[in-house]
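Reading the structure
Here is what each chain is made of, one letter per residue.
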Amino acid sequence: MAKNYTAEEDFEWDEAPLEVLAAAVPGELGGLRMDLALARMFPQYSRNRLQAWLKSGHVLVEGMQVRGSEKAIGGEAVVLDPPAAADVAAPRAERMALEVVYEDADLIVIDKPVGLVVHPGAGNPQHTLLNGLLAHAPSLRKVPRAGIVHRLDKDTSGLLVVAKNLSAQARLAAQLAARSVKRTYLALVHGEPPAQGTIDAPIGRDPRARTRMAVSAGGREARTAYTVLERFGKGARTGFSLLECRLETGRTHQIRVHLQHIKCPIVGDTVYRRGASNAVEFGRQALHATALELTHPRSGRHMSWSVPLPADMKKLVAGLRRAASSAR
């Protein structure tokens, strides 16, 4: 059976009591009642609870509400958005300046700045991207998580796509589950990794610190491909490298954990920078989501966007370039 895909998995979120899940119905479940197929796909929830959520619209199939008795075909995009606890307040719309790279009736592509949390949570009840999206497009209140289908850490900048309706959300979730959405990042790291490579190492919760992730034999499959774009200085302790990283899977903190695993942690990453003795003054992890490619959920057209490094990373790279040049 295909693994469940957690739409909140790619990047760091504040913990929520219940998570939005998205998956495609495995072909081998075709012919089963939908509620039974869902119980097989999401065994952490009882069949009775899933039936209730189907009735209340908290489970959507291809962006639509369906009956539990309907037959699954196989391949349908499912989005499961469990209801919030009764004591959790609904998020408020807040006007804020959003850098909109692209928008149409189905999608919004945002260039997220450093410091902006994506979703309200413990410690961040407001002033998040979700709050800003509700002000920018009030109709997003009808879409689970205001259409957010993936995320970026608070201190990671760059591209993030938002679905503007249920159908678009279901189709984007299916693309994420099928790993057909291509996401490319730029990372400035300590050390000198090989010119290119793929880091294939499972990731799970760090047993020593539950707020961190770690490479773990019992973790979930995780692969990150990278290419060195430029080197600054020499040596594992004194050199730096600018990498282009491409996610082949989506796990929490995947790039940060994988680069730490090969002893090339991201500059400024105070969580995963263990073992990097060459201190560089930079106030956040030097990681930027620079490119995004996907299939448009309505037209089927291939679409891609790219944004340059933000000003703080440009300044950091320029400084390292000057220092490396003067040391020659």
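Above this text sits the structure in question.
Residues numbered from 1 in each chain as written. Predicted model: local features only at pLDDT ≥ 70, side-chain atom pairs only at ≥ 80, totals over all residues. Heavy atoms only, no water.

Further remarks concern unusual backbone geometry. Phi angles above zero are rare outside glycine, and Arg145 is one such case at about 55°. One non-glycine residue, Ala146, lies in positive phi territory at about 55°. As for its placement among the helices and strands, Ala146 is situated in the loop between helix H3 (129-136) and strand E7 (157-163). For Ala146, a relative accessible area of 5% gives the class buried. (Helix = DSSP H or I, 4+ residues; strand = E, 2+ residues; numbered from the N terminus. Buried < 20%, exposed > 50% of the residue type's maximum accessible area, 1.4 Å probe, protein only.)

Turning our attention to the nonpolar core. Counting residues in hydrophobic clusters, the biggest one holds 47 residues, and the most contacted among them are Leu133, Leu140 and Leu259. With sequence-adjacent residues up to four places away left out, Leu133 is seen in contact with Leu98, Ile108, Ile110, Leu140, Ala146, Ile148 and Val162. In this structure, Val25, Ala37, Tyr45 and Val59 belong to the second largest nonpolar core, which totals 20 residues. (Core = buried A, V, L, I, M, F, W, Y, C linked by side-chain atoms within 4.5 Å. Contact = heavy atoms within 4.5 Å.)

Turning next to the packing of helix H1 (residues 34-41) against helix H2 (residues 47-56). At a minimum axis distance of 9 Å, the contact between H1 and H2 shows a crossing angle of 120°. Of the possible angle classes, the one that applies to H1 and H2 is oblique. Of the two possible hands of crossing, H1 and H2 adopt the one that is right-handed. Across the interface between the two elements, Asp35, Leu36, Leu38 and Ala39 of H1 pack against Arg47, Leu50, Gln51 and Leu54 of H2. Considering only residue class, the contact of H1 with H2 consists of five nonpolar, one polar and two charged. (Axes fitted to C-alpha atoms, helices over the stretch in contact; angles between N-to-C directions. Parallel < 35°, antiparallel > 145°, perpendicular 65-115°, else oblique. Left-handed = near helix turned anticlockwise from the far one by under 90°. Nonpolar A, V, L, I, M, F, W, Y, C, P; charged D, E, K, R; others polar.)

On to the pairing of strand E14 (residues 287-295). Where burial is concerned, most of E14 is hidden: seven out of the nine residues are buried. By the bridge criterion, two bridges tie E7 to E14 in an arrangement that is parallel. The residue of E14 that forms the bridge with Gly158 is Ala289. Where strand E8 (residues 182-190) lies against E14, six bridges are found, and the strand directions are antiparallel. Residue Thr184 lies in a different strand from E14, and its bridge partner there is Ala291. The turn linking E14 back onto strand E15 (residues 302-306) is made up of six residues, and Gly300 within it adopts a positive phi angle of 80°. (Pairing = 2+ DSSP bridges.)

This next bit is on the pairing of strand E11 (residues 209-215). In regular strands, side chains alternate between the two faces of the sheet. Strand direction decides the pairing type here: strand E10 (residues 203-206) and E11, joined by four bridges, are antiparallel. If you follow Gly204 over to E11, its bridge partner there is Ala214. Hairpin connection of E10 to E11: two residues between the antiparallel strands.

Right, let's talk about the environment of His119 for a bit. In this structure, His119 sits in the loop between strand E6 (107-112) and H3. Note on His119: relative accessible area 14%, which makes it buried. With twelve residues separating them in the primary sequence, His119 and Asn131 have C-alpha atoms 7.9 Å apart.

Turning next to the side chain of His258. Looking at where His258 falls in the secondary structure, it is placed in helix H5 (residues 254-261). Look at His258 and you get buried, because its relative accessible area is 0%. Within the local environment of His258, its side chain forms a polar contact with the backbone oxygen of Ala201, the two atoms lying 2.8 Å apart. (Polar contact = N/O pair within 3.5 Å; in protein donor to acceptor, adjacent residues only side chain to side chain.)

Interpretation in functional terms is not warranted from these geometric data alone.
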